[in-house]
Amino acid sequence: MKKDWFVDWFNTDEYLSVYKHRNEKDAECHIKFLLSKINLPSNASILDLACGSGRHSILLAKQGYNVTGVDLSDRLLSDAVKSAKTENLNIKFIKSDIRDFQTEEKFDCILNLFTSFGYFDSDEENFLVFEKAFNFLTKQGYFVLDYFNKTYLEKNLVMYSKEETENYTITQQRKIINQRVVKKIIIQRNGAEQTYFESVKLYDSNFLILKLKEIGFDIVNLFGDFLGNEFDENLSPRFIAICQKP
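Everything numeric in this text was worked out from a predicted model, so none of it was measured.

Cut-off values and rules
Residues numbered from 1 in each chain as written. Predicted model: local features only at pLDDT ≥ 70, side-chain atom pairs only at ≥ 80, totals over all residues. Heavy atoms only, no water. Salt bridge = Lys/Arg side-chain N within 4 Å of Asp/Glu carboxyl O. Helix = DSSP H or I, 4+ residues; strand = E, 2+ residues; numbered from the N terminus. Buried < 20%, exposed > 50% of the residue type's maximum accessible area, 1.4 Å probe, protein only. Axes fitted to C-alpha atoms, helices over the stretch in contact; angles between N-to-C directions. Parallel < 35°, antiparallel > 145°, perpendicular 65-115°, else oblique. Left-handed = near helix turned anticlockwise from the far one by under 90°. Contact = heavy atoms within 4.5 Å. Nonpolar A, V, L, I, M, F, W, Y, C, P; charged D, E, K, R; others polar. Core = buried A, V, L, I, M, F, W, Y, C linked by side-chain atoms within 4.5 Å. Domains from an automatic or database assignment.

With that out of the way, let us pick up the pattern of salt bridges. Considering all chains together, one arrives at 12 salt bridges under this definition. Salt-bridge contacts for D123 lead to K201; the nearest nitrogen and oxygen are separated by 2.9 Å. In this pair, D123 is assigned in helix 6 (residues 123-136) and K201 in strand 9 (residues 192-201), connecting sequence segments 78 residues apart. Given the relative accessible area of 16%, K201 is considered buried. For K211, the salt bridge identified is with E214, shortest N-O distance 3.5 Å. On the criterion of helical spacing, the pair formed by K211 and E214 is a turn pair, its members being 3 residues apart in helix 8 (residues 205-215). One salt-bridge network, held together by shared partners, links D97, R99 and E125.

Listed below in structure tokens is the structure:
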């Protein structure tokens, strides 16, 4: 499997087919929930780190916030720019690997949603995301991490799934290998077959909390989903940490 698997995979039309369930309604739920839990000024600056096709960025801009979205995928950023233009929204979209992203701007809130963390090979590279978020925030600024719950995933991993439509068949095979959840995605369309991989490091929630605190964050709230349920190590599908820079 290619080291930086996400570079090619996130630039394909097939990626959008696999994750089509992550739609506007889904994003609206996320943003409504987060804004109810974070006290932001009306003109707040928000950084959507690994913004993808910009679903969350656009919803935040509609609320009047000053939004910057960063992502590595030309394909997804192109969709984000088109959507922003259609909505007549002024959003700054930047192409960058989040490991390399630099800015002099300070933000009131930084979002890292939809398990956009843990992609890299080393812990140092992965936790660089936390360090950058801390450095890019204003005092009292918020960092939101939306990641899967390792314990829940290990107990409930769906090893195999298959989806068939008129146009394609998507088969997904999942395994845990060397403390990473590895997904093999096989897409069959018009007699052709394409294979892609995903690989995300599994971090225990207590370890994540420790690292966030080591970097300097205060943990304001921990949720287990976007319905507002408190985080439970055994029952929560997600690990949603709302953190604040003192």
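On we go.
The geometry of helix 6 relative to helix 8 is characterised by a closest axis approach of 10 Å and an angle of 40° between their N-to-C directions. One element, helix 6, and the other, helix 8, form an angle in the oblique class. Crossing handedness for the pair helix 6 and helix 8: right-handed. Touching F127, F130, E131 and F134 of helix 6 are F207, L208, K211, L212 and I215, all from helix 8. Looking at the contact of helix 6 with helix 8, its residues break down into 7 nonpolar, no polar and 2 charged.

I110, F117 and F143 are the most contacted members of the largest nonpolar core, which totals 37 residues. Contributions of two or more residues to this core are made by strand 1 (45-49), strand 4 (107-112), helix 6, strand 5 (137-148), helix 8 and strand 11 (238-244). Considering each element in turn, this core owes the most residues, 6 residues, to helix 6. For this core, the two domains that each supply at least three residues are domain 1 (5-149 + 203-245) and domain 2 (153-198). Beyond its immediate sequence surroundings of up to four residues, F143 is in contact with I110, N112, F130, A133, L137, L212, F217, A241, I242 and C243. F33, I46, A80 and I240 belong to the second-largest nonpolar core, a separate cluster that totals 29 residues.

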